[in-house]
Amino acid sequence: MDNKKEQLIAVIFSIVGSLAILISLTIKGFTTEASLDAVKDLVGLLVTVAVFLLAYSISNKANSFSDVARAVLIRLQKDKPKILLGPRYNRDNYDPEKGQGLEYLFITNADSNNKRRVKFIPIKPLEEGVLAIYVQKGTLVYGLNYTSDEATTDEIKKIQTEVHKSVLALLKKEYNRYYEIITNVKDDTAIMIDFDETKLGKKKFAKSIEECVNQAIEIIQKYQRNNNVL
């Protein structure tokens, strides 16, 4: 339910309730006692509407676009634990009170003893409907079993380009009117998408995040060295 639907329900509820009170008052007659009862009923109606709006507002804030996107990434990580890690903070000893560190979904590899990881999807931009997908040297070395020498600038750029093209093709097919591509990005970014999350709604926004990230992972895994590890 979006804000417009919420407001419409509140207005309809108020109108219907007010009409019921007015009809009841007309039937009883406009006596002092009946008028006082009507006022009491009207106050009760207004309180009920206010409680509904407050409850919805609290519920809506507790289930933000960032929350639903994060839940998608958690599910993806559980499905692909041999290449994904997190979402978690990039500092092992993160102290939320000090505000140090940022939260990411990471790329890793299938070695259960491996502690190496590289940033893949930052969580914070999702609050604004922005999905950033990173492909960098560590993606190749930590996640795809490249040696440092093999993870050249050209090889990184090749994978970034293929991720970009593949995800963009998906967006054009499924979400043509609901996104913009952010072009002013850092060298480690394959693609950055600014979704119109309000128009999408939470369910479709979550689906778009899942499909885009899955598409990126599919492309990245094509370059896995020693594919039997996954």
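Note that the structure is a prediction, hence the values are computed from the model and not measured. (Residues numbered from 1 in each chain as written. Predicted model: local features only at pLDDT ≥ 70, side-chain atom pairs only at ≥ 80, totals over all residues. Heavy atoms only, no water.)

### Comments concerning the overall build of the chain
The number of helices and strands found in the chain is 6 helices and 6 strands. The N-to-C order of helical and strand elements in the chain reads α-α-α-β-β-β-β-α-α-β-β-α. Scored against the burial criterion, the 230 residues of the chain give a buried share of 37%. Considering only contacts in the chain between residues 6 or more positions apart, those separated by 24 or more positions represent 58%. Of the accessible surface of the chain, which amounts to about 13,900 Å², a share of 54% is contributed by carbon and sulfur atoms. (Helix = DSSP H or I, 4+ residues; strand = E, 2+ residues; numbered from the N terminus. Buried < 20%, exposed > 50% of the residue type's maximum accessible area, 1.4 Å probe, protein only. Contact = heavy atoms within 4.5 Å. Areas by Shrake-Rupley, 256 points an atom, 1.4 Å probe, with all protein chains shown as cover.)

### Considering helix 5 (residues 153-174)
In this model helix 5 runs 31 Å from its N-terminal to its C-terminal C-alpha over 22 residues, within 8% of the 32 Å that 1.5 Å per residue would give. Every buried residue of helix 5 is listed here: Glu155, Ile156, Ile159, Gln160, Val163, Ser166, Val167, Leu168, Leu170 and Leu171. Next to the buried residues of helix 5 lie strand 4 (130-134), helix 4 (137-143), strand 5 (179-181), strand 6 (189-195) and helix 6 (197-221). (Expected span 1.5 Å × (residues − 1).)

### Thoughts on the packing of aromatic side chains
Counted under the stated rule, the structure contains 4 aromatic pairs. Measuring from centroid to centroid gives 5.5 Å for Phe65 and Phe205, while their planes differ by 85°, and the two rings are edge-to-face. One end of the pair, Phe65, is in helix 3 (residues 65-79); the other, Phe205, is in helix 6, and 140 residues separate them in sequence. Looking at Phe205, the relative accessible area reads 0%, which means it is buried. Look at Tyr104 and Phe106: their rings are 5.7 Å apart centre to centre, the planes differ by 55°, and that puts the pair in the tilted class. (Phe/Tyr/Trp six-rings, centres within 6.5 Å; stacked < 30°, edge-to-face > 60°.)

### A word on the sheet that holds strand 5
Strand order in this open sheet of 3 strands is 4-6-5, and the pairing throughout is antiparallel. On the outer flanks of this sheet lie strand 4 and strand 5, each paired with one strand and no other. Going from strand to strand, the sheet's axes swing by 20° on average, the running direction of each strand aside. Here strand 5 pairs with strand 6 via 3 bridges, running antiparallel. (Pairing = 2+ DSSP bridges. Axes fitted to C-alpha atoms, helices over the stretch in contact; angles between N-to-C directions.)

### Thoughts on the sheet that holds strand 3 (residues 118-122)
Read across the open sheet, the 3 strands follow the order 1-2-3; overall the sheet is antiparallel. In this open sheet, the two strands that pair with only one neighbour each are strand 1 (84-89) and strand 3. For this sheet, the mean inter-axis angle between neighbouring strands, taken without regard to orientation, is 35°. Here strand 2 (residues 103-107) runs beside strand 3; their pairing, made up of 4 bridges, is antiparallel. Bridge assignment links Leu105 to a residue of strand 3, and that residue is Ile121. The sheet contacts of helix 3 involve strand 1, strand 2 and strand 3, and relative to strand 1 the element is tilted by about 140°. On the sheet, helix 6 packs against strand 1 and strand 3 and is oriented at approximately 155° with respect to strand 3.

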